[in-house]
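Okay, here's what each chain looks like letter by letter:
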Amino acid sequence: MSSSVLILLLPFISFVVSGIWGRKYLKNFSGILGTVCMLVSFILAASVAYNYFFVTGRVGGQYLGTIPFEMNWLRFTNELSINIGILIDPISVMMLLVVTFISLMVHVYSLGYMKGEERYATYYSFLSLFTFSMLGLVVATNIFQTYVFWELVGVSSFLLIGFYFQKASAVAASKKAFIVTRFADLGFLAGILVLSYYSGSLDFKEIIARYTDPANPHLQAIATASFGGVSALSWALTLIFIGGAGKSAMFPLHIWLPDAMEGPTPVSALIHAATMVVAGVYLVARLFPVYAISCPAALHVVAIVGVISAAFAALIACTQTDIKRVLAYSTMSQIGFMMFALGVSKYGGEEGLGYMASMFHLFTHAVFKALLFLCAGTIIHHVHSNELKDMGGLRKSMPLTHITFLLACLAIAGIPPFAGFFSKEEILSAAFQHDPVIYWAAIATAALTSFYMFRLFFMTFYYDGEKKAEAHGHDDHSAGHSSIAMTGVQVVLAIGAVVAGFVPFGQFVSSDGFALPTHIDISFSVLPVSLSIGGILLAMFFFYKKSDKAIRISEGLGSVFVTLKHKFYIDEIYAFVTKKIIFNLIAAPAAWIDKNIVDGMMNTFAKATEVFSFSLSGWQSGKVQSYAAWFLAGVLSLVLISLYLLQLL
Amino acid sequence: MDSSVISFYAISAFLLTFGVMAVTTRKIFRAAIWLLFSLIGIAALYFWMDFQFLAAVQIIVYIGGIVVLIIFSIFLTQMSGKDMPQALTSRKLIALALSLGGFAFIAHFLAHANYHESSGLVDASMPAIGRKLLSVETGGYALPFELISVLLLASMIGCIVIALKKAQEKP
Amino acid sequence: MNLGLLLLVPLLTAAAIAFSKGKNMPRVIALGGAFVQLLLCVVLLFAYRTAHQVAPAQGMYFETSYPWFASLGINYHTGVDGISIAMMLLTACVVLAGILVSWNMEKQVKEFFFLLTILSGGAYGFFMALDLFLLFFFLEVAVIPKYLLIGIWGSGKKEYSANKLALMLMGGSALVLVGMLGLYYHSATPADGFSLTNLGKQQIPLDVQLFFFPFLFVGFGIFTALFPFHTWVPDGHSSAPTAASMFLAGISMKLGGYGCLRVAAFLMPEAAHFYSGYIVALAAIAILYGAFATMMQTDLKYMNAYSSVSHCGFVLLGIGMLTPSAISGAVIQMVSHGLMTALFFAAIGMIYERTHTRTIKELGGLLKIMPFISTVFFIAGLCSLGLPGFSGFVAEMTVFVGSWQRPEEMYRVATIVACMSIVVTAVYILRATGMSLMGTIKNKAYEELKDATWNEKVAAVVLIGAILVIGITPFYLTHLIDPGTNQIMENINRYISLN
Amino acid sequence: MNAIPLTHVLMVSTALFFIGVYGFFTRRNLITMLMSIELILNSVNINFVAFNKYLYPEQMEGLFFSLFTIAIAAAEAAVAIAIIINLYRTHSSIDVEDADELKL
Amino acid sequence: MQLFYLLKNEWMLSFMMVVLLILKVADNGRSHSSWIRIFNGLMLVLCVAGWLMPTVEGEAFGGMFFSYKAGAFAKNLLCTGTLFIGLIGEDWLKKTRHVVEFYLLIISTLMGMCFMISAGHMLMFYLSLELASIPLAAMCNFGFEERRSGEAAMKLILSSAFSSGLMLMGISFLYGATGTLSFAQLTLMSSYEPLFIIGFVLLFTGIVFKLSVVPFHLWTADVYEGSPAPVTAFLSVISKGAMVMVFAYILYHVFGALNDVWYTLLYVLSIATMVIGNLFAIRQQNLKRFLAFSSITQIGYILVGISGSSAEGFTAAMYFIVVYLFSNIVAFGVITHIASKTGNETIDSYKGLAKTNPFLAWSMAIALFSLAGVPPTAGFFGKIFLLKAGVGTGNFVLIIVAALNMIVALYYYLRVIRAMFMDSNENAIQPLESGLSLRIALFVCLAGIILTGFAGSIYEYILNLNVGL
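Keep in mind that this is a model prediction, so the values were computed, not measured.

Participant: Summarise the overall build of chain C; cite the residues concerned and give the values.
Facilitator: The number of helices and strands found in chain C is 20 helices and two strands. Relative to a compact globule of 499 residues, whose C-alpha radius of gyration would be 23 Å, chain C shows 21 Å and is just as compact. In chain C, which comprises 499 residues, the share counted as buried stands at 74%. Excluding contacts between residues fewer than 6 apart, the proportion of contacts in chain C whose partners are at least 24 apart in sequence is 81%.

Put into structure tokens, the structure is as follows:
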């Protein structure tokens with residue numbers, strides 16, 4: 001199936017071409033080139049998906065993984081090697097589809113959004129690089145291949161966040177994103193090392209096969225080996241999850257995500273909403289059988305981290321005033337949903353509902369979150385500001401965006417029949433089945449979600465009070481900015497946000513490959529939906545018209561609000577750890593020690609030699625008699641030495 | 001007591017006493033004279049050991065040559081009557097300790113060495129010495145004899161060159 | 001293929017430079033020579049592949065041996081395997097790039113290129129030597145030209161740095177000398193005493209190994225920045241002129257790693273095993289500590305020099321681990337670090353040449369003014385932080401995976417410590433790039449500066465190309481070096497069984 | 001004369017040797033230092049002669065050695081005196097303490 | 001004819017002496033340069049003849065003289081070295097008075113060395129040793145009006161007289177213990193009697209005094225510094241070379257039976273010599289004094305090689321002498337040239353030399369690298385071979401100390417390099433015109449420095465010379 005290789009190759013070609021020659025020769029062509037490549041990629045991905053899901057994939061009612069292409073890339077030992085290949089199985093195909101689709105959307109959108117940008121070609125080449133890396137990640141056959149592309153994804157994210165490199169905040173944000181995720185990757189790497197040592201293979205297929213069979217010696221070895229009282233398998237899986245948590249911005253490694261909004265908005269839509277940030281979820285899903293069958297403890301960690309992140313982010317999102325930051329926190333919250341859905345799931349059959357729900361939510365979320373971001377992009381383009389206070393009442397000037405944004409908000413709030421409703425419902429029911437605590441937390445978070453999303457919605461499009469939004473919007477060119485590409489994409493995605501939920505997702509994706517019918521239990525849905533609607537109404541109450549209701553409430557909350565506004569001071573804690581501890585207590589002393597002690601040691605040797613040499617200089621007194629005295633003394637002592645040695649004394 | 005015994009001790013006492021005086025006196029001219037006496041004592045010791053030729057050489061070369069040279073150089077370089085500056089006491093003590101220690105050490109081993117004294121007589125007559133001196137056979141000293149002439153020549157050249165006044169400088 | 005050619009070409013080039021006149025002729029000759037060297041290396045590579053296919057079990061290829069000081073057991077004995085060829089290719093690339101980068105050298109051009117060419121000859125000799133004496137000879141040949149290059153053409157406190165470098169490297173080679181003589185004295189027959197291949201075949205008594213291994217290892221280790229003998233690295237690298245920095249970090253430090261592997265570990269496997277804990281501990285310290293120290297540097301060259309300490313720690317870590325993949329990782333890291341750090345120094349040199357400062361704080365926004373150079377710098381940085389697609393990743397991962405094969409707790413801890421450096425590396429690389437390349441342009445005067453010239457571009461492209469070839473298709477490199485590492489491992493496993 | 005044991009003669013010569021050594025160490029006047037050297041050389045000559053006489057009378061090696069030594073001593077003394085005189089010209093002193101510019 | 005071949009160098013030297021004497025007596029205002037030409041010409045003839053003539057091994061003069069291949073090699077080497085010194089000293093010689101006398105003294109010294117190398121008897125040994133040192137003292141005084149020159153000569157003659165006093169005592173003890181002074185018989189009669197041991201140690205110290213081994217080295221630096229540069233060169237190259245040869249010969253072939261005694265002595269002395277020599281060299285300012293300590297250190301290495309007690313040790317020592325000769329002649333050539341043209345002898349005054357006099361600076365640099373033992377110069381090979389020979393006994397303490405000392409040594413050699421190449425100086429030495437003979441000498445010796453190491457056959461040749469012993 002060479003077309004699957006081509007899916008990856010096309011973005012790469014686009015990257016290389018516009019990366020090397022784009023600046024000089026293809027200044028305006030590179031956007032088209034990237035988009036066309038992406039389009040072809042998407043079509044290929046769609047055909048692959050069609051082929052897989054409807055023609056070749058199902059064998060005996062089960063979707064099995066196939067590997068159309070694989071090569072040995074780097075061999076470590078006879079057993080361990082990095083194989084680069086393409087794995088086609090339900091989730092990878094789903095991801096291929098999502099990634100190529102969202103990427104295509106973003107490519108198209110950027111044609112309008114980035115027009116006239118000085119580094120237009122560079123932008124497209126980075127975008128293509130990202131897509132390539134992300135595709136490589138999702139089709140990975142080998143856990144190390146995942147890691148390889150994982151890193152590439154990280155760097156392309158870095159490049160895109162730091163795209164406006166002359167802006168100090170963008171530089172800082174890109175740095176932060178890269179370093180935090182890298183820190184998490186350290187866990188991933190360590191996890192891979194632990195896992196591979198016992199598994200004797202790095203291929204997912206082998207790892208899963210060996211670690212899910214209780215009789216397998218590999219599994220026994222890793223389960224019995226323990227470090228600090230915890231089995232090596234738990235260590236490995238938890239460490240790998242740390243890697244995933246870093247990429248997916250799970251608490252407490254989430255700090256990079258809000259800052260990452262410094263990048264161009266389409267980038268945020270692509271990377272920080274729809275694709276890269278779900279890589280962590282995808283990674284856990286990829287190894288799901290191992291988690292679920294052999295190490296429920298690690299899976300429990302996933303669930304807890306997921307639900308904490310979901311609630312935590314939702315709380316913070318309620319207080320933020322930057323449109324993209326609110327979206328970022330909402331992303332974090334939604335990914336938390338996916339995570340804990342995986343965490344509460346079991347392997348196989350009905351028990352595997354959480355897994356399916358998680359993937360489903362991933363799928364729907366990608367669509368409506370991309371839409372939200374792209375809408376936000378249009379708004380920002382229009383207003384030239386990210387701050388909610390600069391907006392308000394935009395429904396008149398941007399009617400289309402108003403509608404699409406509303407659809408997306410409804411989708412994320414889980415209002416039927418929009419996409420989010422279906423997937424969220426599955427998640428909640430999975431949580432309900434397995435863990436009531438998580439379920440109640442999730443319900444509350446869902447309500448919060450609808451509150452903050454509609455807060456955002458109302459503050460942007462209504463909330464106009466006395467001031468005219470147009471005063472800030474630069475009408476003269478705002479009209480031209482919302483080009484056909486941008487609006488078109490919004491419409492397409494809005495349609496997606498409406499219909500995506502109707503996909504019979506369980507038919508295709510489930511924990512064990514067998515079809516798992518999705519079903520909506522109306523009675524079960526009543527509570528979450530009504531809570532969501534309550535959230536909407538609450539938001540409407542506060543933010544439909546400009547008033548000081550919200551401010552009074554926030555003042556009433558006092559320190560709680562301040563804490564939320566400051567995102568629980570997590571950033572400050574990080575800053576403290578990095579600046580005070582790592583820089584001042586580790587790096588600076590290391591540099592000092594090196595200069596003064598280690599190097600000083602060498603210099604001291606030299607100095608000591610010199611001092612010694614000077615202290616001896618009196619010997620060479622210039623007086624011939626003392627020379628002779630030394631001479632005689634030397635002679636006598638030599639005589640003594642030799643006689644003594646011969647025992648003649 | 002044998003007269004030879006007495007004369008040995010007398011000679012020894014003589015040469016050592018003047019040796020000590022030669023290295024301790026504060027007047028340089030006297031030092032030269034005491035050295036002269038000490039050297040004469042050594043010549044006497046050679047006589048005592050029946051090495052007449054050597055004794056003669058000693059007297060001619062040392063007394064007639066070196067000591068005279070020394071005395072001349074004393075006249076050339078400084079007033080003979082003045083007291084010479086003394087070395088520091090610490091230096092003297094160190095020198096004394098080294099000398100006495102060295103003497104004790106060497107003397108100890110010399111006294112305790114195994115000697116196989118031979119009763120043979122040395123044929124130190126002039127003709128024998130002369131023959132050996134010019135012999136190129138085993139036990140002959142012709143080559144050293146030649147060599148020393150080179151040495152003397154070289155020393156002579158050296159002396160002349162160094163001692164010559166710079167007035168004779170060549171262009 | 002006659003390996004002597006690789007010595008002859010630098011020698012002839014050097015001679016030609018010595019008799020050349022003016023400013024232009026020496027550099028043209030030097031460039032021509034470097035190009036021929038690269039060509040020869042490539043030819044050698046292909047010849048090796050053919051030869052290897054014909055006789056895969058043969059340890060060394062293209063061996064030649066002439067008696068030199070026959071009665072002392074010293075022979076001019078050369079030969080190569082994949083590892084040596086990899087190192088030679090590295091040398092050729094770095095030298096070519098180094099000459100290109102110093103194209104606009106103004107001061108004492110003739111001497112400069114002369115010394116540079118001599119250095120490259122020494123490196124080739126070192127990598128092909130199969131006689132310990134010959135190896136030692138070439139090891140030392142390189143010291144003094146480096147001293148002069150730094151001392152005469154350097155900047156900053158160049159005399160101090162040059163002195164320190166020369167003395168510490170001399171110290172290293174003095175230790176090597178002791179170890180070498182120890183091996184000679186304890187070899188079965190004096191005729192074998194200096195022959196690497198023959199010595200490899202005999203089992204040296206354990207107590208001898210234990211006594212002399214530290215000499216050889218530390219001796220070579222000093223060349224490759226073994227903690228705590230790495231202090232020549234920052235000063236030396238930062239004071240050196242660009243080409244010399246490139247050579248120093250790119251090749252010279254590899255001499256040490258190669259020696260540690262080819263001589264110390266290969267000949268004295270039991271001792272290597274005995275001491276591996278210490279080696280690994282020192283290497284792990286160097287890796288992390290070097291990385292932390294790098295974070296605090298304010299001078300780009302110092303930064304890269306300290307990062308070299310950290311990166312060369314991987315070489316020693318890999319060797320110390322004594323597992324096949326750790327060792328091949330060490331070799332890959334040598335090649336990779338050689339290219340990467342040369343590229344880094346080249347970029348820093350280009351920046352310095354234009355802005356006349358290397359202080360990170362004084363730079364800023366260079367990406368806007370000189371996109372090419374900045375990209376080069378950035379690529380070097382990415383390679384340094386071990387990004388997939390670049391050689392650094394391949395090397396580090398191989399070392400990690402190999403290291404992890406040692407199950408003892410201490411080795412595990414060391415491996416994790418080493419892994420941690422990838423984060424710290426990211427911090428300092430991003431810090432440097434963030435401050436110097438990105439951000440606003442700090443100095444108005446910089447806006448007038450020009451981007452890279454043709455020679456700099458070619459130099460950068462050569463190095464980047466090599467980095468990418470390794471990074472994207474690492475299997476070529478591993479196929480090249482695997483027979484060599486297997487052979488070394490065989491020797492190690494012959495007398496000891498790990499685990 | 002064999003009534004006197006060899007060791008006694010050797011004692012005399014050794015004593016003379018160290019008298020010379022003492023003089024060489026303590027005398028500040030270059031000429032007197034030279035004199036001490038002469039004492040040293042003479043004492044060695046006594047050794048040679050005494051050994052020759054007492055132990056190995058068949059040959060005359062000791063005798064000849066002393067003979068040559070005397071000649072060498074003369075040559076040495078001559079050159080030394082010439083050097084001293086030259087030194088006196090440049091330093092206007094033959095005190096050894098005055099000639100210690102070369103040091104350290 | 002046999003006798004002529006046995007003493008070929010000695011004959012030729014005495015012939016040369018006679019020629020010079022006759023010419024001097026018949027002097028009709030010959031200019032300095034013509035004397036220099038005559039001397040160099042004669043010396044060249046002598047050297048060529050010496051190398052070309054067959055070497056006959058054997059005794060002469062009833063065992064007083066003993067000719068052997070290695071000795072003949074050494075003599076030829078010394079004569080060649082003297083020729084080079086004549087060449088490099090030209091600038092100085094043109095200015096000095098008494099050029100003929102200088103030559104006569106140098107020839108007689110050389111003759112003393114030749115006889116010393118071939119000595120078969122203690123008397124010959126002592127006599128030629130004095131012949132090799134008394135005229136040397138006179139030569140040291142050739143900077144007549146200089147205070148330092150006189151002082152140097154005085155120090156040399158007095159301390160060497162003192163040392164020969166002690167050595168003579170040793171010889172007398174040896175005589176007392178064995179009854180013979182001929183080497184051949186001494187070899188047979190070696191014993192562990194205290195008298196013999198003391199005698200031997202005293203003789204040993206007499207020789208190491210000439211080699212300036214610590215703690216008998218104290219005179220060296222003063223004499224080197226005070227003497228005119230060519231004399232210093234002669235002292236440090238030719239005199240040392242001859243002494244090493246004799247030293248090794250006497251230890252290996254006369255007192256070979258006392259191996260354990262002298263091995264211990266060498267062990268102690270070599271360490272002291274290397275360390276002290278280095279420590280003093282570190283902070284010298286005057287180049288001649290600097291090279292004095294450097295040569296002391298080199299002697300330390302030679303002792304290491306000799307202590308190896310094998311044919312290899314002997315060969316390595318001789319090989320090193322060859323290398324050392326080349327290196328030191330180049331170094332002194334530069335120093336002599338600059339000293340006689342400008343009067344500068346300090347390291348500081350050499351600052352910036354590379355800019356004004358690149359040829360001199362590079363020559364000096366190569367010489368110093370060779371002395372430091374840095375490849376590809378021959379010094380590297382010389383030093384490694386010495387250490388390798390020293391390993392012969394498995395004494396690695398010695399090797400380690402030696403190896404570490406190489407670092408310190410490099411440090412101070414680099415000081416000079418640094419001054420010449422790196423330091424800037426406003427009043428650097430002006431570009432100097434170097435004469436043809438200096439250039440010839442420098443070129444030949446530089447070629448020697450660079451090529452000797454690569455020609456393995458030179459080492460093999462020297463090794464084969466020893467087989468006969």
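Participant: Describe the overall build of chain D, naming the residues involved and giving the relevant values.
Facilitator: On a plain count of helices and strands, chain D comes out with three helices and zero strands. In chain D, the order of α-helices and β-strands from amino to carboxyl end is α-α-α. Relative to the 2.2 N^0.38 estimate, which gives 13 Å for 104 residues, the radius of gyration of chain D is 17 Å and therefore markedly larger than a compact globule would have. If one aligns the C-alpha atoms of chain D with their principal axes, the spans along those axes are about 50 × 25 × 25 Å.

Participant: How would you summarise the interface of chain C and chain A if you had to cite specific residues and measurements?
Facilitator: Facing the 60 residues of chain C at the interface are 51 residues of chain A. Together, the buried faces of chain C and chain A total about 4,800 Å²; carbon and sulfur atoms form 74% of this surface. On the surface where chain C and chain A come into contact, there are twelve residue pairs in polar contact (both at pLDDT 80 or more). In terms of residue class, the side of chain C that touches chain A is made up of 38 nonpolar, 14 polar and eight charged.

Participant: Summarise the nonpolar core; cite the residues concerned and give the values.
Facilitator: Ranked by internal contacts, the top residues of the largest apolar core, which has 804 residues, are F144(A), M122(E), F125(E), F162(E) and F255(E). At 21 residues, the largest contribution of residues to this core is made by helix α16 (residues 353–383) of chain A. Structurally, this core is a two-domain feature, drawing no fewer than three residues from each of domain 1 (1–85) and domain 2 (123–171) of chain B.

Participant: Tell me about the interface of chain D and chain B, and please be specific about residues and values.
Facilitator: Counting from both sides, the interface comprises 69 residues of chain D and, opposite them, 82 residues of chain B. D50(B) is the salt-bridge partner of K53(D), the closest N and O atoms lying 3.6 Å from each other. Inspection of the region where chain D meets chain B yields 13 residue pairs in polar contact (both at pLDDT 80 or more). Looking at the side of chain D that touches chain B, the elements with two or more residues in it are α1 (6–26), α2 (30–54) and α3 (61–91) of chain D. In terms of residue count, the dominant contributor to the side of chain D that touches chain B is α3(D) (22 residues). Among the residues forming the side of chain D that touches chain B, the class breakdown is 46 nonpolar, 14 polar and nine charged.

Participant: Quick one: what's the story with the pairing of strand β2 (residues 74–80) of chain C, residue by residue and with numbers?
Facilitator: Among the seven residues that make up β2(C), six are buried, leaving the element largely enclosed by the rest of the structure. What sits between the antiparallel neighbours strand β1 (residues 61–69) of chain C and β2(C) is a turn of four residues, in which G73(C) has the positive phi angle 75 degrees.

Participant: Explain a nonpolar patch on the surface to me, using residue names and the numbers behind them.
Facilitator: Residue and element names in this part refer to chain A. A surface patch of nonpolar side chains, about 650 Å² in accessible area, is lined by V562, Y569, I573, F576, V577, I581, L585 and I586. With six residues, the single largest contributor to the nonpolar patch is helix α26 (residues 570–616). Tracing the sequence through the fold places F576 in helix α26. Accessibility expressed as a relative area gives 46% for F576, which makes it partly exposed.

Participant: Tell me what's going on with the arrangement of the chains, and back it up with residues and numbers.
Facilitator: In this assembly eight pairs of chains touch, with chains B and D having more contacts than any other pair. In this assembly chain B lies apart from chain C, the nearest approach of their C-alpha atoms being 38 Å. One finds no contact between chain C and chain D; the C-alpha atoms of the two approach each other to within 25 Å at their closest.

Participant: Describe the packing of aromatic side chains, listing the residues and the values that go with them.
Facilitator: Residues and elements named next belong to chain E. A complete count under the given rule lists 144 aromatic pairs over all chains for this structure. For the ring pair F142 and F144, a centre distance of 5.1 Å and an interplane angle of 45 degrees mean the geometry is tilted. We note that F142, like F144, is buried. For the ring pair F280 and F293, a centre distance of 5.1 Å and an interplane angle of 15 degrees mean the geometry is stacked. Here F280, found in helix α13 (residues 259–282), pairs with F293, found in helix α14 (residues 287–307); they are 13 residues apart in sequence, far enough to count as distant.

Participant: So what's going on with empty space enclosed by the protein? Which residues, and what values?
Facilitator: Residue and element names in this part refer to chain E. This model, assessed by the stated rule, comprises eight cavities of 30 Å³ or more. Approximately 140 Å³ is the volume attributed to the largest cavity. Every element with two or more residues in the lining of the largest cavity is listed here: α6 (99–118), α7 (122–140), α8 (147–178), α10 (194–211) and α12 (229–254).

Participant: Tell me what's going on with the pattern of salt bridges, and back it up with residues and numbers.
Facilitator: Residues and elements named next belong to chain C. Applying the stated criterion across every chain yields a total of 32 salt bridges over all chains. Between E408 and R406 there is a salt bridge whose closest N-O contact spans 3.5 Å. The exposure class assigned to E408 is partly exposed, which follows from its relative accessible area of 33%. On the basis of relative accessibility, which here comes to 2%, the residue R406 falls in the buried class.

Participant: With reference to specific residues and values, describe the layout of surface pockets.
Facilitator: In this structure, the second largest pocket encloses a volume near 1,600 Å³. What lines the second largest pocket is a set of 42 residues, and nearest its centre among them are F114(C), I118(C), I366(E), P376(E) and I450(E). Elements represented by at least two residues in the lining of the second largest pocket include exactly α1 (4–18), α4 (109–128), α5 (132–141) and α6 (143–153) of chain C together with α17 (358–372) and α20 (436–451) of chain E. The class makeup of the residues in the lining of the second largest pocket is 34 nonpolar, six polar and two charged.

Participant: Could you give an account of the packing of α14(E) against helix α15 (residues 311–342) of chain E, with specific residues and numbers?
Facilitator: Residues and elements named next belong to chain E. Look at α14 against α15: their axes get within 10 Å of each other, and the N-to-C directions meet at 170 degrees. If you check the angle between α14 and α15, you find them roughly antiparallel. In this structure, α14 uses L287, K288, L291, S295, Q298, I302, G305 and I306 to contact α15, whose residues at the interface are G313, A317, F320, I321, Y324, N328, A331, F332 and I335. Among the residues making up the contact of α14 with α15, the classes are represented as eleven nonpolar, five polar and one charged.

Participant: Run through the packing of helix α2 (residues 29–56) of chain A against helix α3 (residues 90–113) of chain A, naming residues and quoting values.
Facilitator: Residue and element names in this part refer to chain A. Orientation of α2 relative to α3, taken along the N-to-C sense of each, is 155 degrees, at an axis distance of 9 Å. Put simply, α2 runs roughly antiparallel to α3. As α2 runs across α3, the sense of the crossing is left-handed. Grouping the constituent residues of the contact of α2 with α3 by class yields 17 nonpolar, seven polar and no charged.

Participant: Would you mind going over unusual backbone geometry in detail, with residue names and values included?
Facilitator: Note: most residues except glycine have negative phi, and most peptide bonds are trans. Residue and element names in this part refer to chain A. Following F251, the chain continues to P252 via a peptide bond in cis, the omega torsion being 0 degrees. Turning to its location among the elements, P252 is positioned in the loop between α9 (232–247) and α10 (256–259). Look at A249: it is not a glycine, yet its phi comes out positive at around 60 degrees. With respect to the helices, strands and loops of the structure, A249 is situated in the loop between α9 and α10.

Participant: An account of the side chain of S212(E) is requested, with residue identities and associated values reported.
Facilitator: All names here are of chain E. Checked against the element boundaries, S212 lands in the loop between α10 and α11 (218–226). Looking at S212, the relative accessible area reads 0%, which means it is buried. With near-sequence residues (within four places) excluded, S212 lies in contact with H217, W219, T220, K240, T273 and I296.

About the cut-offs
- Residues numbered from 1 in each chain as written.
- Chains lettered and ligands numbered in written order.
- Predicted model: local features only at pLDDT ≥ 70, side-chain atom pairs only at ≥ 80, totals over all residues.
- Heavy atoms only, no water.
- Helix = DSSP H or I, 4+ residues; strand = E, 2+ residues; numbered from the N terminus.
- Rg over C-alpha atoms; globule rule 2.2 N^0.38 Å.
- Buried < 20%, exposed > 50% of the residue type's maximum accessible area, 1.4 Å probe, protein only.
- Contact = heavy atoms within 4.5 Å.
- Buried area = accessible area lost by both parts, 1.4 Å probe.
- Polar contact = N/O pair within 3.5 Å; in protein donor to acceptor, adjacent residues only side chain to side chain.
- Nonpolar A, V, L, I, M, F, W, Y, C, P; charged D, E, K, R; others polar.
- Core = buried A, V, L, I, M, F, W, Y, C linked by side-chain atoms within 4.5 Å.
- Domains from an automatic or database assignment.
- Salt bridge = Lys/Arg side-chain N within 4 Å of Asp/Glu carboxyl O.
- Pairing = 2+ DSSP bridges.
- Patch = residues over 30% accessible without salt bridge, like charges linked within 9 Å, V, L, I, M, F, W, Y side chains within 5 Å.
- Areas by Shrake-Rupley, 256 points an atom, 1.4 Å probe, with all protein chains shown as cover.
- Phe/Tyr/Trp six-rings, centres within 6.5 Å; stacked < 30°, edge-to-face > 60°.
- 1 Å grid on protein atoms, 1.4 Å probe; cavity = no way out; pocket = protein on both sides within 12 Å on 5 of 7 lines; lining within 4 Å.
- Points joined across faces, edges and corners; volume = space filled by probe spheres on them.
- Axes fitted to C-alpha atoms, helices over the stretch in contact; angles between N-to-C directions.
- Parallel < 35°, antiparallel > 145°, perpendicular 65-115°, else oblique.
- Left-handed = near helix turned anticlockwise from the far one by under 90°.

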